[in-house]
Amino acid sequence: MKLIAKTDIGLIRATNEDTYTIIKKDDKNFIAFVCDGMGGHKAGEYASRYTVERIVASVSRSQFTEPIRILKEAIKKANEILVVEAAEDPEKNGMGTTVVAATIIDHRLYLANVGDSRLYVVNETIKQISKDHSYVAEMIRMGRFTPDDERIKTKKNVITRAVGATEKVRPDFFEVDLKEKDIVLMCTDGLSNMVTDQKIHQIMLSSNDTEDIAKALVNEANKNGGQDNITVLVARPYFNEVKEC
């Protein structure tokens, strides 16, 4: 497996509210989490970092064996804790975070997401597997916006679901059978709002080096304005060249 993640503050923000972590279980399997926090002061940074910590702790202690059930329970527990902390600490009022979580077991990808951080599977095409929980995405699904609608520019940062935002969180879950040459990309909207899917696809196929790909994606987002924090995670689960240590 070749796997790399990079996070960058971007060109506008004063702090980086993105958080990620990777747990490599062996040469073919991993579990990873990418979060994008929201909230005033340092609440967004806290929400994303703490959510990753709590999910990792829950996953490591889980008594369940089914990947989707493990992710569902972990996200639920993280949400409950954030809601309580936000109610008790005025500085954390309104905090929340997106989360996209993925694991690979026996060539099968299991995914959970809340918010608009994304997971793509890339090969000859690029396919977004996760489902955006955002005002713009919902308006497009309902046919009220088109992808080139000018109103998208002022509404694209409005998300409709987040961990910590409400007492009950509603993740979406997906399962995908991976093929030999598939590449997995997880990212925050600091990438997807600044770089088109077409350009992401082009960059993903431009090199066999995962680190070069990750750097190029971050650089492209910054070249286009870098208006948000940028986090990317690139994985070639079955890439058979030299293995990373």
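Read on for an overview of the structure. Since this is a predicted model, take the numbers as computed values, not measurements.

### Remarks on the environment of Ile 31
Considering the arrangement of structural elements, one finds Ile 31 in strand β3 (residues 30-38). Setting aside chain neighbours within four positions, we find Ile 31 in contact with Thr 21, Ile 22, Ile 23, Val 59, Leu 71, Ala 102 and Thr 103.

### Overview of the sheet that holds strand β7 (residues 126-128)
Read across the sheet, five strands follow the order β1-β10-β9-β6-β7 without closing on themselves; strand pairing throughout is antiparallel. Sheet topology places β1 (2-8) and β7 at the edges, where each strand pairs with a single neighbour. Adjacent strand axes in the sheet meet at a mean angle of 15° when their direction is disregarded. Of the pairings in the sheet, the one linking strand β6 (residues 118-122) to strand β9 (residues 183-187) comprises five bridges and is antiparallel in character. For Val 121, the partnering residue across the bridge sits in β9 and is Val 184. Here helix α6 (residues 197-204) sits on the sheet in contact with β6, β7, β9 and β10 (230-236), set at roughly 55° to β6. Along the sheet, helix α7 (residues 210-223) makes contact with β1, β9 and β10, crossing β10 at roughly 155°.

### Quick word on a positive patch on the surface
A cluster of basic residues, Arg 61, Arg 69, Lys 72, Lys 76, Lys 77 and Lys 168, forms a positive patch on the protein surface. The residue Lys 72 is located in helix α2 (residues 67-88) in this model.

### A few points about helix α1 (residues 43-61)
Its 19 residues give α1 an end-to-end C-alpha distance of 26 Å, which sits within 8% of 27 Å, the value for a rise of 1.5 Å per residue. The secondary structure elements touched by the buried residues of α1 are β2 (18-24), β3, α2 and β4 (96-105).

### Quick look at the nonpolar core
Formed by 22 residues in total, the largest nonpolar core has its most connected members in Phe 33, Ile 55, Ile 75, Leu 82, Met 95, Val 99 and Val 163. Among the elements of the structure, β3, α1, α2, β4 and β5 (108-114) are those that each provide at least two residues to this core. Setting aside residues up to four positions removed in sequence, Phe 33 forms contacts with Thr 19, Tyr 20, Thr 21, Val 52, Ile 55, Val 56, Val 59, Leu 71, Val 100, Ala 101 and Met 186.

### Observations regarding the sheet that holds strand β8 (residues 172-177)
Strand pairing in a sheet takes place through backbone hydrogen bonds and is either antiparallel or parallel in direction. With antiparallel pairing, the five strands of this open sheet are ordered in space as β2-β3-β4-β5-β8. Only two strands of the sheet have a single neighbouring strand rather than two, namely β2 and β8. The mean inter-strand angle of the sheet, taken between neighbouring strand axes irrespective of direction, is 10°. Relative to β8, β5 runs antiparallel, the two being bridged by six bridges.

### Looking at the environment of Pro 67
Positionally, Pro 67 belongs in helix α2. Put simply, Pro 67 and Ile 104 are 37 residues apart on the chain and 9.1 Å apart in space, counted from C-alpha to C-alpha. Not counting chain neighbours up to four residues away, the residues in contact with Pro 67 comprise Thr 103, Ile 105 and Tyr 110.

Calculation notes
- Here the residue numbers are simple positions, counted from 1 along each chain's written sequence.
- Thresholds applied to this predicted model are a pLDDT of at least 70 for local features of residues and 80 or more for the giving and counting of side-chain atom pairs; totals over whole chains, interfaces and linings are not thresholded and use all residues.
- Values reported for side chains reflect all heavy atoms of the structure, with hydrogen atoms and water molecules removed beforehand.
- For helices the rule is a DSSP run of H or I covering at least 4 residues; for strands it is a run of E covering at least 2, with both sets numbered from the N terminus onward.
- In what follows, a contact means two residues having at least one pair of non-hydrogen atoms within 4.5 Å.
- Paired strands are those between which DSSP finds at least two bridges.
- Here an angle of 0 to 180 degrees is reported between the N-to-C directions of two axes, which are lines fitted to C-alpha atoms, with helices fitted over the stretch in contact.
- Exposure above 30% relative accessible area and no salt bridge define the residues that can form patches, which grow by joining like charges within 9 Å and nonpolar side chains of Val, Leu, Ile, Met, Phe, Trp and Tyr within 5 Å.
- Accessible surface area values rest on a Shrake-Rupley calculation with a 1.4 Å probe, where residue burial reflects the displayed protein chains alone.
- Should a side-chain nitrogen of Lys or Arg be within 4 Å of a carboxyl oxygen of Asp or Glu, the pair is scored as a salt bridge.
- Only four residue types enter the charge count: Lys and Arg as positive, Asp and Glu as negative, with His and the chain ends excluded.
- For the purpose of locating charges, the reference atoms are NZ of Lys, CZ of Arg, CG of Asp and CD of Glu.
- By this rule, a helix spans an expected 1.5 Å times one less than how many residues it contains.
- Nonpolar cores are built from buried Ala, Val, Leu, Ile, Met, Phe, Trp, Tyr and Cys residues. Side-chain atoms within 4.5 Å join them into one set.
- Summary of the burial criterion: residues with accessible area below 20% of their type's maximum are buried, those above 50% are exposed, and those between are partly exposed, where the area comes from a 1.4 Å probe applied to protein chains only.

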